[in-house]
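Observations on chain architecture
Read off the chains here:
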Amino acid sequence: MSTPSLGAVGVPTATAGKAQATGVPAPLAHPVEVATLWRPSAPCTPQGCVDATGPARALPLAALRIAAVLLLLIVGFLLTPLGGRIPGALVRRWSRWVVRAAGVRVRIDGGAAPEGGLLLVANHVSWLDIPLLAAVRPARMLAKSEIRDWPVAGWMTARSGALFIDRDRIRALPGTVARIAEALRAGDAVAVFPEGSTWCGRAQGHFRRAAFQAALDAGVPVQPVRLRYRAAQGTPDTAAAFVGADSLLTSVWRVVRARELVAEAEVREPIAPGSCPDRRSLAEAAQLSTGLGGVVRRRLPVRTGGGRA
C-alpha cells in the first residue's frame, strides 16, 4: 500500500496550450499551472473539472464497495511486516483487487516492467493511481513528508517502505535524491508522480526533473506509464480525479458510485540507462513517452489554490 498524494519537485512550469495540443476542446483547456516555487499545484478543481453525471450505483452497493476496499487495505496492512517475502505477482494481484473492489475495471496494456532497480514514473490523476501503478510493478513510493503525521495512514505508509520528501526544505532535496538512488542501486523499484500534483486527466502537468537525477546516478532504466480513466464506451471520464479541495472520502464515494468506470495503465517502452545525457532530457523523454508532451514552459505566479500536491 502507499500514499494518496505523491510527487517529485522541480522548477514549476505552465501548461498553457497543452489541452489543445492533446485534442481537448477549448472550453476544457486549463490556462496555466499554479504553484509556489517548490509546491506545484494544478489548476484543476472538482467544480470545474470533475464530471460525475454518468450512471450511478445504488447507495447500498456503493457502501459495500467501500467496505470491500477497506477489507483489502486491512489485509495489506496485516501483511506489511512480511515485506519482500510476498511474491510480486501476489502484490500485483492484490493491487488489482483494490481497484476492482472500488467498482473500477482494470486494463493494463504493454509489456512487463523490467526487474531490478527501476524508476517508475506516471502522470497523476487519482488516489487509484497508486494501486493501479503497483499492479504494473510493486514499488516503493515517493511521498510528501506531511503524510508521516497522518493518523494510521502515516504509520502504514512508513511501514510500506515509502521514501519521503520534504517539499518545504529545498536544501533537503539532494538528500532525497540520494536516498532514491540508493534504493534503486539496491534493486528496488521506486514509483514517482513527477507532475507533483494531481490533474483531472483532461490536461496534464510538466514532469519535474529531480527524481530523474536519481535514475541517472544509479544507472537504472526509467519506466514511463500512462494512466487514464475512461467510461465503458472509451470516452475520457473524470469521476476518478482527486483534485483541488476534494477530500479523500468525497473522491472515494464518487468513484464507488460511478458505474462502468475503467482504469487504464499503458506501459510504454522503458528508457535505458545512458539514453539521455541529463535529467532534463530524461524527464522530457519520459513525458513524451507517456504522450504528455508539448508543454508550454514559463515562470508561474505564487499558488492561489487548486490541485492536490
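Above this text you will find the structure in question.
Here's a quick rundown of the structure. Keep in mind it's a predicted model, so treat the numbers as computed, not measured. (Residues numbered from 1 in each chain as written. Predicted model: local features only at pLDDT ≥ 70, side-chain atom pairs only at ≥ 80, totals over all residues. Heavy atoms only, no water.)

**Re the packing of aromatic side chains**
Taken as a whole, this structure holds 1 aromatic pair when the rule is applied. Seen from their ring centres, Phe-207 and Phe-212 are 6.5 Å apart, and the 25° between their planes marks the pair as stacked. Each of the two residues, Phe-207 as well as Phe-212, counts as buried. (Phe/Tyr/Trp six-rings, centres within 6.5 Å; stacked < 30°, edge-to-face > 60°. Buried < 20%, exposed > 50% of the residue type's maximum accessible area, 1.4 Å probe, protein only.)

**Quick word on helix α7 (residues 173-185)**
Three or four residues apart is the spacing at which side chains of an α-helix point the same way, because the helix has 3.6 residues per turn. Helix length check: α7 (13 residues) gives 18 Å between terminal C-alpha atoms against 18 Å at 1.5 Å per residue, within 8%. All of the buried residues along α7 are Leu-173, Thr-176, Val-177, Ile-180, Ala-181, Ala-183 and Leu-184. Along the long axis of α7, the arc covered by the buried residues comes to 160°, so they all point the same way. Seen from the buried face of α7, the exposed residues on the opposite side, beyond 90 degrees, are Pro-174, Glu-182 and Arg-185. (Helix = DSSP H or I, 4+ residues; strand = E, 2+ residues; numbered from the N terminus. Expected span 1.5 Å × (residues − 1). Arc of directions from axis to C-beta.)

**A closer look at helix α4 (residues 88-101)**
The first and last C-alpha atoms of α4 sit 20 Å apart over 14 residues, in line with the 20 Å expected at 1.5 Å per residue. Inspection of α4 places Trp-94, Ser-95, Val-98, Val-99 and Ala-101 among the buried residues, and these make up the whole buried set. Projected down its long axis, α4 carries its buried residues within an arc of 165°, all on one side. Each element contacted by the buried residues of α4 is listed here: α3 (59-79), β3 (105-109), α5 (129-136) and β9 (261-267). A positive phi of about 85° marks Gly-103, the residue just after α4. (Contact = heavy atoms within 4.5 Å.)

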